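Read off the chains here:
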Amino acid sequence: MRRVAVLVLDGAKPLDVGIPAQVFTTRASMPYEVRVCGAAPGLVTGGDGLSYHVADGLDALAWADIVFVPGYRHPDRDEPPAAVLAALLAAHERGARLAAISTGAFALAATGLLDGRRATTHWHYTRALAAKHPRVRVDENVLFVDEGSVLTSAGAASGIDLCLHVLRADLGVAASNHAARRLVAAPYRSGGQAQYVPRSVPEPIGERFAATREWALHRLGEPLTVTVLARHAAVSPRTFSRRFVEDTGYTPMQWILRARVDLARELLERSERGVEQIAADVGLGTGANLRLHFQQILGTTPSEYRRTFAQGE
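Residues numbered from 1 in each chain as written. Predicted model: local features only at pLDDT ≥ 70, side-chain atom pairs only at ≥ 80, totals over all residues. Heavy atoms only, no water.

(A) Here's a closer look at the packing of aromatic side chains. Under the criterion given, the structure shown has 8 aromatic pairs. When the centroid spacing of 6.1 Å and the interplanar angle of 85° are considered together, the rings of Phe 106 and Tyr 125 count as edge-to-face. Of this pair, Phe 106 sits in helix H4 (residues 105-111) while Tyr 125 sits in the loop between strand E7 (118-119) and helix H5 (126-132), and the two are 19 residues apart along the sequence. With centroids separated by 5.7 Å and ring planes inclined at 80°, the aromatic side chains of Phe 244 and Trp 255 adopt a geometry described as edge-to-face. Residue Phe 244 is located in helix H10 (residues 237-248), and its partner Trp 255 is located in helix H11 (residues 252-270); the two are separated by 11 residues in the primary sequence. The pair Phe 244 / Trp 255 is uniform in exposure class, with both members buried. These aromatic residues form a ring-pair network of at least three members: Phe 209, Phe 240, Phe 244 and Trp 255. (Phe/Tyr/Trp six-rings, centres within 6.5 Å; stacked < 30°, edge-to-face > 60°. Helix = DSSP H or I, 4+ residues; strand = E, 2+ residues; numbered from the N terminus. Buried < 20%, exposed > 50% of the residue type's maximum accessible area, 1.4 Å probe, protein only.)

(B) Representation of the sheet that holds strand E6 (residues 97-100). Read from one edge of the open sheet, 6 strands run E2-E1-E5-E6-E10-E9, paired in mixed fashion. Every other strand in the sheet has two partners, leaving strand E2 (32-37) and strand E9 (144-146) as the edge strands with one partner each. Ignoring which end each strand starts from, the neighbouring axes of this sheet average 15° apart. Note: E9 against strand E10 (residues 150-153), 3 bridges, orientation antiparallel. Bridge pairing in E10 places Asp 146 opposite Leu 151. (Pairing = 2+ DSSP bridges. Axes fitted to C-alpha atoms, helices over the stretch in contact; angles between N-to-C directions.)

Structure, rendered in structure tokens:
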């Protein structure tokens, strides 16, 4: 059982608090126990007209394996209490992961743990974060950043992406996809996807691109090229490639490759098919090709992955 603490600070944003609490909710199908805590037990004044009554104080951070810090109001102006920063540092020192949603990154930055590391926050506050904490390598054009023991994400919706990313690392792709379906969320978006891209392109084109991605996910075993995908989206290959990168953070073929590897992961977790059969089923051709891409993308082999995440283990 993994232990998750959601740290609610003064001015906490409701969506940011709710995302990790719901994604990692304590239930029979999820090996997580969740505690929502504050600087002290009791009432915490939140943002946007809501307040929270939390049962736990900072002792929950000493208990947790992963601590989520939701965003809060006026992060560029208000510092978290010294006791909160000390508790975050202590949790990190004993091996807990710390994950910030949106402006929660300011709390992690205040501990010094983001110094010299890449990090992100809501696009409205990226310059403020860089100005207040100049030793942090702020990346304003990504949805989330995983630096191992510390993770940061952009606005509220990207908090879902970050939580699903953690689930994928902890439990495998099948569990992450199950949670995404429960949330009616995209199974995955790349951390490198841009937060905010102003466009003059009509919205229906974006809808067609989403439909094409969904169409492709059901045909990964078939030959898929940029030309084939662009034809489905009813745009030129050049327009398709450019817009695809804007929408996903990947080129079309990078995205297809990762989708194929993800499908292979789920088959390794849920079936007893051999590596050669899985490679053929997902459109990667041969077992050697599947092993190559597993090593490049995941840093492991299909056999090792199956031993780690096979259903029932």
